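# Architecture at a glance
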Amino acid sequence: MFNMVKRLFKRPSFLVGLLFLVGLLLASLLYSWFFDNHIPESGLLKDDKGQLISGPYSPFEYLPFGTDNFGRNLFFVILVGAKYTIGLTIIITILRIIPSVLFGLFNYFYMGKALRFVKNILDSFNYFPVALLAFLLLNWVILWGPMMNFEDDFSISIIDSLYIYIGVLVIIGVPPLILIMTNEIEKIMGYEFIESARVLGASKWHFTWKHIKPFLLPQLVVIFLREFISVLILIAHLGLLTIFIGGRTRRVDLFDRDVYMSSTNEWAGLIGSWWNFLMTTYPWITIIPVVFITLTILAAKMMLSGVMKEVSKDS
C-alpha cells in the first residue's frame, strides 16, 4: 500500500486532482478562520462615460467572477462555500464507508446460509432513485420546518440541519456499499492461499488483518473516490430540488424580490437558488458554481484514474 501511494504522487493526473481539491478546501478553511466567512459586497460601478451601472456585474465588469443578485463578490461566495461542498462530501463518504466495511465483514463471517438472502435485500436499494429518497426524507425536516419561518417551537439551527443532512445521506448510501464490501471480501476470501490459512486454523481476526486488509485497502481508495463523486452529484441534485446543505434563508435581492438563498453558500445550493438566471442576461451567476462542481468532479475522476491504474498493476 505504501509503495502504491508513493507511485501515485508521481502520476500527474492524480497529483493535479489532489492539489485542486486539497488546495481549495484549505483555502476555504483558512479564509473562514482568518476572515470569519466575510463576503464583500460591490459598490456602484461606472462605465466609460461616468454613468452608474446597475448590478449584478459580469466577470468582465467585476473581476474575477462578477457579482450575484445580492451584490456579493462571487469569488468569495464560492470560496466560503467550498468547505461545505467539498468538506461535507468527504465526511459523508467516510461515514458511509466505515460501517459498510464492518457490516461487510459481519455478513461474510457470521451470516452463513442467510448471506444470499441479505445480499438480495441490499441489492434492492440499487433500484430506488437515491435523489428522490433523500428529497423525501429531507424535504419536511429541512425545508418545511425552519425554512418557512414557522412561529412555533419547531426550529432547527444550521448545525442541526447539517447533522440531519449528513445523517440522511449516510444512511441511504450505506446499504448498497455494504453489498459492495461483502462482494469484495468474498472475492478476497476466494483466493487459493486462503484455503491454506483455513487448514492451519486461522481465526477470523487473522483473516481480516493479515489477508483481507492488504487486498481491501487499495480497493477502498477506489471505492472512496467513486463514492465521493456519487455523493457530490447527489448533493447537486438536491440543490436543484431546493434542499441545501445547512438549510436556506430569505433575503431581498437587487431586483427587490424576496428570494431564498443558501445559508452556507455551498455550491449545490447556489445552483438551486440561481438556476433561473441561466436563461437571463446574468448567466454567470448560475454558471460559476456549475463550473466549480464540474471541476471538482473532474479532479476526483483524475485521482480515480491514477488510483485504478496503480491498483491494476498490483492485482
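All values reported here derive from a predicted model rather than from experimental measurement.

Attention now goes to the overall build of the chain. A count of helical and extended segments in the chain gives 10 helices and four strands. C-alpha extents for the chain along the principal axes are approximately 85 × 50 × 35 Å. Buried positions account for 46% of the 315 residues belonging to the chain. Within the chain, contacts between residues separated by at least 24 positions form 73% of all contacts whose residues are at least 6 apart in sequence. Carbon and sulfur atoms make up 67% of the accessible area of the chain, which amounts to about 16900 Å² in all.

Turning to a nonpolar patch on the surface, a few remarks are in order. Together, L240, W275, L278, M279, I287, V290, V291, L295 and L298 line one region of the surface with nonpolar side chains, adding up to about 780 Å² of accessible area. For the nonpolar patch, the element with the most residues is helix α10 (residues 284–314), which contributes five residues. Within the secondary structure, W275 sits in the loop between α9 (267–274) and α10. Using a relative accessible area of 42% as the deciding quantity, one classes W275 as partly exposed.

Take the nonpolar core next. Y165, L169, L238 and W267 are the most contacted members of the largest nonpolar core, which has 64 residues in total. It is α10 that provides the largest number of residues to this core, a total of 12 residues. Residue contacts for L169: discarding those within four places in its chain leaves I92, R96, A134, L138, L234, I235 and L238. The next biggest cluster of nonpolar side chains, apart from the first, holds 16 residues, and it includes L177, A197, L216 and L220.

Residues L63 and P64 are joined by a peptide bond in cis, for which omega reads 0 degrees. Within the fold, P64 resides in the loop between β2 (52–53) and α3 (74–110). At N37, a position not held by glycine, the phi torsion is positive, near 60 degrees. With respect to the secondary-structure elements, N37 resides in the loop between α2 (12–35) and β1 (45–46). Overall, N37 belongs to the partly exposed group, its relative accessible area being 24%. Backbone geometry at N265 places phi at a positive 65 degrees, although glycine is not the residue there. With respect to the element layout, N265 can be found in the loop between β4 (258–262) and α9.

Both strand β3 (residues 248–252) and β4 contribute to a ladder of five bridges, which runs antiparallel. Bridge pairing in β4 places R248 opposite S262. Taken together, β3 and the strand that follows it, β4, pair antiparallel across an intervening segment of five residues, in which D256 is found at a positive phi of about 60 degrees.

Take the side chain of N73 next. Relative to the helices and strands, N73 is located in the loop between β2 and α3. For N73, a relative accessible area of 7% translates into the label buried. In contact with N73, other than residues within four places in its own chain, are I39, P40, Y62 and G66.

What follows is about α2. Over its 24 residues, α2 extends 33 Å from the first C-alpha to the last, a length consistent with the 34 Å expected when each residue adds 1.5 Å. Inspection of α2 places F14, G17, L21, L24, L25, S28 and Y31 among the buried residues, and these make up the whole buried set. The positive-phi residue at the C-terminal boundary of α2 is D36, with phi of around 55 degrees.

Here we take up the confidence of the model for the chain. Detailed conclusions should not be drawn from predicted coordinates in areas where pLDDT is low. For the chain, per-residue confidence averages 86 on the pLDDT scale, and residues scoring 70 or more make up 92% of the total. Across the chain, the element-wise mean pLDDT spans from 72 in β1 up to 95 in α2. This stretch, residues 146–154, has a pLDDT under 50; its non-local contacts, to residues over four places away or in other chains, come to 17 contacts.

Reading guide: rules and limits
Residues numbered from 1 in each chain as written. Predicted model: local features only at pLDDT ≥ 70, side-chain atom pairs only at ≥ 80, totals over all residues. Heavy atoms only, no water. Helix = DSSP H or I, 4+ residues; strand = E, 2+ residues; numbered from the N terminus. Buried < 20%, exposed > 50% of the residue type's maximum accessible area, 1.4 Å probe, protein only. Contact = heavy atoms within 4.5 Å. Areas by Shrake-Rupley, 256 points an atom, 1.4 Å probe, with all protein chains shown as cover. Patch = residues over 30% accessible without salt bridge, like charges linked within 9 Å, V, L, I, M, F, W, Y side chains within 5 Å. Salt bridge = Lys/Arg side-chain N within 4 Å of Asp/Glu carboxyl O. Core = buried A, V, L, I, M, F, W, Y, C linked by side-chain atoms within 4.5 Å. Pairing = 2+ DSSP bridges. Expected span 1.5 Å × (residues − 1). pLDDT = per-residue confidence, 0-100.

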